[in-house]
Amino acid sequence: MKLLTVTLNPVYDVFYHIPAFKPYRENLASRVEIFPGGKAVNVSRALKQNGYDSTALLLLGKENCQAFEAALRAEGIDTLCYDTEGRMRENLTFLSDGIPETRVCVNTFSTTRETLDTILDDIKSRIDADTAVVCSGKFPCGLTVADCMAFLRELMAITPYVALDSQTFGAKEILELKPWLIKPNAEEIEALIGQPCPTPEAVLDAAGRLHRDGIAHVLVSLGGDGAIYCGELGRYRIEVPPITPLSTIGAGDSTLAGFLSAYAEGLDGTACLTRACAFGTAACLEPGTNPPRPEKVAKIAAAIRISVLS
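Residues numbered from 1 in each chain as written. Predicted model: local features only at pLDDT ≥ 70, side-chain atom pairs only at ≥ 80, totals over all residues. Heavy atoms only, no water.

A.B. asks: Please give an account of the sheet that holds strand β13 (residues 234–239) that cites residues and values.
C.D. replies: As summarised here, the arrangement of the ten strands in space is β5-β4-β1-β8-β9-β10-β11-β12-β13-β14, forming an open sheet in which the pairing is mixed. The open sheet has two edge strands with one neighbour each: β5 (78–84) and β14 (305–308). As paired elements, β13 and β14 share four bridges and run antiparallel to each other. Residue pairing across strands places Ile238 opposite Ile306, the latter belonging to β14. Where helix α3 (residues 113–126) meets the sheet, its contacts fall on β1 (2–7), β4 (55–61) and β5, and the angle it forms with β5 comes to roughly 160 degrees. (Pairing = 2+ DSSP bridges. Helix = DSSP H or I, 4+ residues; strand = E, 2+ residues; numbered from the N terminus. Contact = heavy atoms within 4.5 Å. Axes fitted to C-alpha atoms, helices over the stretch in contact; angles between N-to-C directions.)

This is the structure in structure tokens:
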């Protein structure tokens, strides 16, 4: 199975390390780190770091794309890049000891339906029925929800393996599209079914409802409480070992990468979910949006506990 990740609205993740952040005052950063980001980009980075290949399709703004593309190629990621006018967005994160992080998101990136159609035609010539396509992250401004749904339907007409993780779509659109895989968190699955899910049992019931509605794989991330899965591989509760996270940004994307890499190898449900949660948990042990390291993935995988549910 080939793996293709589609990022139509990538982002520079910029981290300012400020020893003693003071609001309303001038602050001096001791260190600045910049990472190529965007949800599907994070999937490709996690895959590559752990020895799995994918192609990362990117729509890049001409004004500031050079460093982004160069960073991914330096990591050895196969990239397929398209240019559009404008400047790619930035997520600014301010980190200081002892207080929650502060984030500022700059979103000025946009594109056109014509550019989307050009990209779609190219993708269709490169995928087949044995290609898993990850569409994650928000679609850029300039496109309607109808444009984005039409894009996904065209892909789903070629391959059944389309994973979707995008805030562009609400519950109505996701249930209408019925993607192959979704990976909501606890808050997102509540929005999908329109009611609270205060317990793991309620989350499992919600995931089961979505699966019965036609979504093949529903993997619900519960952060430090692990995950719940309901789908074609069965019904599972996954418990992860306790950690002290350095950064949780991109952890969900790494979870998706772990699942896809195992599924592409034909592994069973327990193995797919162990690797998924090991990837996601290990990603939290890296600073910024760095992908999980194989040695940490292996250590965490050995400590994961999975319960098969009736």
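A.B. asks: Provide a residue-level description of the packing of aromatic side chains, including the pertinent values.
C.D. replies: In total, this model carries twelve aromatic pairs according to the counting rule given. Arranged with centres 5.2 Å apart and planes meeting at 85 degrees, the rings of Tyr161 and Trp180 form a pair that is edge-to-face. You can see Tyr161 sitting in the loop between α4 (145–156) and β9 (162–165) and its partner Trp180 sitting in the loop between α5 (171–177) and β10 (181–182), a full 19 residues away along the chain. The interplanar angle of 50 degrees and the centroid separation of 6.1 Å between the aromatic rings of Tyr229 and Tyr236 together place this pair among those described as tilted. We note that Tyr229, like Tyr236, is buried. Three or more aromatic residues joined by ring pairs make a cluster, and in this case those are Tyr161, Trp180, Tyr229, Tyr236, Phe259 and Tyr263. (Phe/Tyr/Trp six-rings, centres within 6.5 Å; stacked < 30°, edge-to-face > 60°. Buried < 20%, exposed > 50% of the residue type's maximum accessible area, 1.4 Å probe, protein only.)

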